[in-house]
Amino acid sequence: MGELLLMLLPAIVLVALIWGLFTALSPRDSGISDAEKYQRDLAERSAQHYAAQVAAATAARARLERNTMPSQNTAQAKQSDLAAARKHIERL
């Protein structure tokens, strides 16, 4: 029994030493930290908010231009209405 302990004890110590060195020298977790995840999430939400603001501003500008600048069809309709009114006045 004593001979078995003399053989196993150095083997166990050697295995523990190799495991300790391997653990100490292995690279740490290369995943992203909670702070990096938060920063990425914040940047993504900020970009989405900015895109929504741009879309809303573009839509508002299109509505404003549509209301303030008559289309060519509307201008032509007004011109034809004016021409009809002039003809009516000339007949009187």
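Computed from a prediction, not measured in an experiment: that's the story for all the values here.

**Q** How should I be thinking about a nonpolar patch on the surface in this particular structure?
**A** A contiguous nonpolar patch, built from Leu 14, Leu 17, Ile 18, Leu 21 and Leu 25 and spanning about 550 Å² of accessible area, is present on the exposed surface. The residue Ile 18 is located in helix α1 (residues 2-25) in this model.

**Q** What's the story with the pattern of salt bridges in this structure? I'm lost.
**A** Side chains that carry opposite charge are capable of pairing whenever their charged atoms lie near each other. For the structure shown, the criterion picks out 2 salt bridges. The salt bridge involving Arg 45 is made with Asp 41; its shortest N-O contact spans 3.3 Å. Separated by 4 residues within a single helix, Arg 45 and Asp 41 lie in helix α2 (residues 34-68), roughly one turn from each other. For Arg 45, a relative accessible area of 42% puts it in the partly exposed group. The salt bridge partner of Glu 65 is Arg 61, with a shortest N-O separation of 3.2 Å. Of the two residues, Glu 65 and Arg 61 are both situated in helix α2; the distance of 4 residues between them amounts to about one turn of the helix. By relative accessible area, Arg 61 is classed as exposed at 57%.

Parameters and conventions
Residues numbered from 1 in each chain as written. Predicted model: local features only at pLDDT ≥ 70, side-chain atom pairs only at ≥ 80, totals over all residues. Heavy atoms only, no water. Patch = residues over 30% accessible without salt bridge, like charges linked within 9 Å, V, L, I, M, F, W, Y side chains within 5 Å. Areas by Shrake-Rupley, 256 points an atom, 1.4 Å probe, with all protein chains shown as cover. Salt bridge = Lys/Arg side-chain N within 4 Å of Asp/Glu carboxyl O. Helix = DSSP H or I, 4+ residues; strand = E, 2+ residues; numbered from the N terminus. Buried < 20%, exposed > 50% of the residue type's maximum accessible area, 1.4 Å probe, protein only.

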